[in-house]
Amino acid sequence: MIGPRAIHTSPKTVIITVLMLSFLLGLAGCVRESDITLEQRSHQLGGELMCPVCDGQTIDGSNAQIAVDMRLKVRDLLDEGLTNADVRDYFVLRYGQEILAAPERSGFNMLAWIIPVLIVTGGIGIALLSIKNMRKSGLKAQASGGLSIAVEQEQEDLTHYLTQVDRDLGISSFTNLRVDSDNESDELDDSRETKTPEKTIS
Amino acid sequence: MADMGVMALLLGLALSAYCAIGVIIGEKIGRAELVVSARRALYMTTVAAAVASGALINAFVQNDFSIAYVADHSNTLMDRAFVWVAFYAGNEGSLLYILLTLCVISAISVWFAPKRLARSMPWTIAILAIIQLFYFGVLAFAASPFELLETVPGDGRGINPLLTHPGMFSHPPLLMGGLIAITIPFAFVSGALIAGNYGDDWVDVARVSAIIGWGVLGTGMLLGAWWAYTILGWGGYWAWDPIENVALMPWLVMTAFLHSIMVQKRRGMFRMWNVALLNIAFVLAQLGMFINRGGPVVSVHSFAASTLGAIFLSFMLASLVFAFALFLWRMPQLKSDRAMESFVSREASFLINNFLFLAVMVVTLWGVLFPLFSDLARDVSVSVSAPYFDRVNGPVLLGIVVMMGVGPLLPWRKASARSMKQWLVWPTVFGLVTIGVLIALGVQRPVAIFAFGVVAFVATSIGEEWWRGTIARHRSGDNWALAWWRLVNGNRPRHGGYIVHISILMLGLGIIGTNFYQQRTDGALALGESLVLDNYRIEYVDNGDSSRPDRIAQWAEMSVYEIDPKDYKQEISFAKAQGSSGFILKDNTLRPNDELIDTIKPWHGFYIDFNMASVRSGIRSTVVEDLYVIPRDFLADGRVSLAVSINPLAWWLWASGPFFILGTMVALWPQPAVEKRPTRKRLKREPEGDI
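All of these numbers come straight from a predicted model, not from anything done at the bench. (Residues numbered from 1 in each chain as written. Chains lettered and ligands numbered in written order. Predicted model: local features only at pLDDT ≥ 70, side-chain atom pairs only at ≥ 80, totals over all residues.)

Draft legend 1. Layout of the overall build of chain B. Scanning chain B from terminus to terminus reveals 22 helices and eleven strands. The C-alpha radius of gyration computed for chain B amounts to 28 Å, which stays within 12% of the reference 26 Å derived for 691 residues, consistent with globular compactness. Dimensions of chain B, computed from the C-alpha atoms along their principal axes, are close to 85 × 80 × 60 Å. Across chain B, contacts joining residues at least 24 apart in sequence account for 75% of those joining residues at least 6 apart. (Helix = DSSP H or I, 4+ residues; strand = E, 2+ residues; numbered from the N terminus. Rg over C-alpha atoms; globule rule 2.2 N^0.38 Å. Contact = placed C-beta atoms within 7 Å.)

Written out as structure tokens, the structure is:
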């Protein structure tokens, strides 16, 4: 009955791991602008500016005349030594904010960027919280001699027995393998690994 | 023909109305024969829809231009094979196609529905009939494809030139079919809830029908991407366009559902959650219909734009209210049998994966709606397009891929530290080695390097599991191939899932390669001139005219050479100084190491009636990278203006398709009876006491 130690992971550790990972990802996101040629920059900018006469296409992807002209203009501006932000401003001044393929990160448009962050962190938060709650309710039920765990225990014994029967009858020749733990026989495997859940949950 | 079509639609309308009313009344007053007759009416709606579709297709075949829809979407010049495409090329026809699909899959799923669902079937049938009723109604009164023209034109306008591509035989039907197919699992689950059938009887049928719809929708999206890549000349394959997004959103939710339904199947948990996911997916599919048919957002896919927006918006809101009212009403009965035991278990990882999928969906929805919101809130128009979605969804999608490597390794209930360590060692090692090797090779872009590491991590985790499973079976006497086959066969849902995961990894490789390492250059070439980009030299050697009465079209023939950059040192440094990625060579003398590797024939056509250009890109594809040449225009001075790019790993995007389909089929294939072990299942169900 001595199974390997179960991992004790508190929500805090999980949250810290997630935060660290997202920080690393953020760091990795910093790409230097200087490495790339002017032409690459102009293509990149072309992908950030909408074509004013085409539905939902950027000037980089469109064959419309105005898109061609705008691409040339972008390149001219870059040749003059403007930064990407300057070029964007140049077009915003003439066409309004609609010309940008992604809203600016300032003012009201900040909402467009903040809300996704809230959604993702909120989503993960809710997921972790609900796992925690589902665990707690399970523990409570167990403490008060709740049905679900008892039923489970009974089923597990049954599973053992039935798998044994299967094995003896040679119905399924591979139930004794550890791998492929998701097979119909995996409850056996799992229970073998983490016997006595009462002791490992804390 | 038109009369027959209209009559068929009206008949279908009457039949679906009778079916819906009959089945509900029959069920309420306990008249079995009424329910049976209503069920038969549901089969007959299929006939009505088929007759209407047949009438429309026949009108196309016969060039019956007295019908407005036919005159608008075909002409006598159209290749006859495209009759099928013309059928769904516009708003009315595509609605008819959707209705036909809905009727056929409704009939099939009602016919094959398992006996144990008998109690809830009347309600399932009622829901299907009401949805059919809606479409019959729209087609009969608001968007009839059989509208007649007062004066019959001599020839039609012709099919939308963007649709004359082999991909169009399958992309639109699969996409529309996949979206409407979400109706089936939704109807089964809602029917079960109304009937008070709270057990897990519906799990298998919902899972199977959901996988079918999901697989069809996914394949449809991939084909659409392929079509965009080869024909549209956008230079891309996925633009986060609103219409693309509304197909992606239900697909994401269905993906979440396919994972969490396994938890319900195996552990009796997440019942509420699964119902909610199906409801969300169904409502999102209706949102897709709405945005597609005259929604308030601009899109490049305006093939079916119409004035039906209000009707579809109302239907979407009605389905939203219905689905969630039903959900709230029955929620107390949808408790889980078991509790979650650990944060480190497959249940928990599936729940986190579900929330990540939902997060991508909600963020995408937010991006789609933000321009509207901005318009309403402060009267300023903004655009939300690819750069936004790449930035906000990219990291979460990468997170989902990480979960794809970890989740399947975790056992149900609870993982032990030892087994986790044992299983995670190799994937982690391979992931880190990949990152190290890429850095050592001087590869740029840290995000992409990290993403490649993640792909290696997940690939190793799948490979490890297959390796261990195969080796164990091999030891017990099977040869390697048979051992692997037995492993996969032993649990098809799981291993089919792995195959799909592999296809997602391949897709990931393509996405990372094309997004982070694409090289681009533009230039106009006269005959005999060449354009050099990286180690390709593209020489413009020939051109020709392939115009037809409806279009002005030209093709260009180009020889592709692989070059040694050493031969071009001078030009390269000159181009660099000018800030260009590529350069043009005026003379056509070859350098010593130039090697002819391919000939491509990009094509550019302009359709006069549509005032629309359509192109075929010239693509030389290899496993490593695509050389991709878009002919932007044939200029008046005889030059051809080109957008040339090198798209690393683009081949993998399309190679993922067959694996995606294969994995879906494997996961769907029914388990042989022996392995199902029905005795055990029955014993397991008894304690639930909800049958």
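Draft legend 2. Structural view of helix α20 (residues 650-668) of chain B. Residues and elements named next belong to chain B. Along its 19 residues, α20 runs 29 Å from first to last C-alpha, staying within 8% of the 27 Å computed at 1.5 Å per residue. Taken as a whole, α20 has its buried residues at A650, W651, W652, L653, W654, S656, F660, G663, T664 and A667. Packing partners of the buried residues in α20 comprise α9 (201-232), α18 (492-517), β9 (618-621), β10 (625-634) and β11 (640-648). (Expected span 1.5 Å × (residues − 1). Buried ≥ 20, exposed ≤ 12 C-beta atoms within 10 Å, placed from the backbone.)

Draft legend 3. Focus on the packing of helix α10 (residues 242-267) of chain B against helix α13 (residues 346-378) of chain B. Residue and element names in this part refer to chain B. The geometry of α10 relative to α13 is characterised by a closest axis approach of 9 Å and an angle of 165° between their N-to-C directions. The angle between the axes of α10 and α13 places the two elements in the roughly antiparallel class. Between α10 and α13 lies a crossing whose hand is left-handed. Where α10 abuts α13, its residues P242, N245, L248, M249, L252, V253, T255, A256, H259, S260, V263 and R267 lie against E347, F350, N353, N354, F357, L358, V360, M361, T364, L365 and V368. Here the residues of the contact of α10 with α13 are counted per class, giving 14 nonpolar, seven polar and two charged. (Axes fitted to C-alpha atoms, helices over the stretch in contact; angles between N-to-C directions. Parallel < 35°, antiparallel > 145°, perpendicular 65-115°, else oblique. Left-handed = near helix turned anticlockwise from the far one by under 90°. Nonpolar A, V, L, I, M, F, W, Y, C, P; charged D, E, K, R; others polar.)

Draft legend 4. Quick peek at the confidence of the model for chain B. Residue and element names in this part refer to chain B. When the pLDDT values of chain B are averaged, the result is 89; 95% of them are 70 or greater. Segment residues 673-691: pLDDT under 50, and 17 contacts once partners within four positions in sequence are set aside and those in other chains are kept. The ipTM value of the predicted complex is 0.83, and its pTM value is 0.86. (pLDDT = per-residue confidence, 0-100.)

Draft legend 5. Looking closely at the packing of α9(B) against α10(B). All names here are of chain B. Their axes nearest at 9 Å, the elements α9 and α10 cross at an angle of 150°. Between α9 and α10, the crossing angle belongs to the class labelled roughly antiparallel. For the crossing formed where α9 meets α10, the hand is left-handed. Residue-level inspection shows V203, A206, R207, A210, I211, G213, W214, L217, G218 and M221 of α9 in contact with α10, the latter providing A247, L248, W251, M254, T255, F257, L258, I261, Q264 and K265. By residue class, the composition of the contact of α9 with α10 is 14 nonpolar, four polar and two charged.

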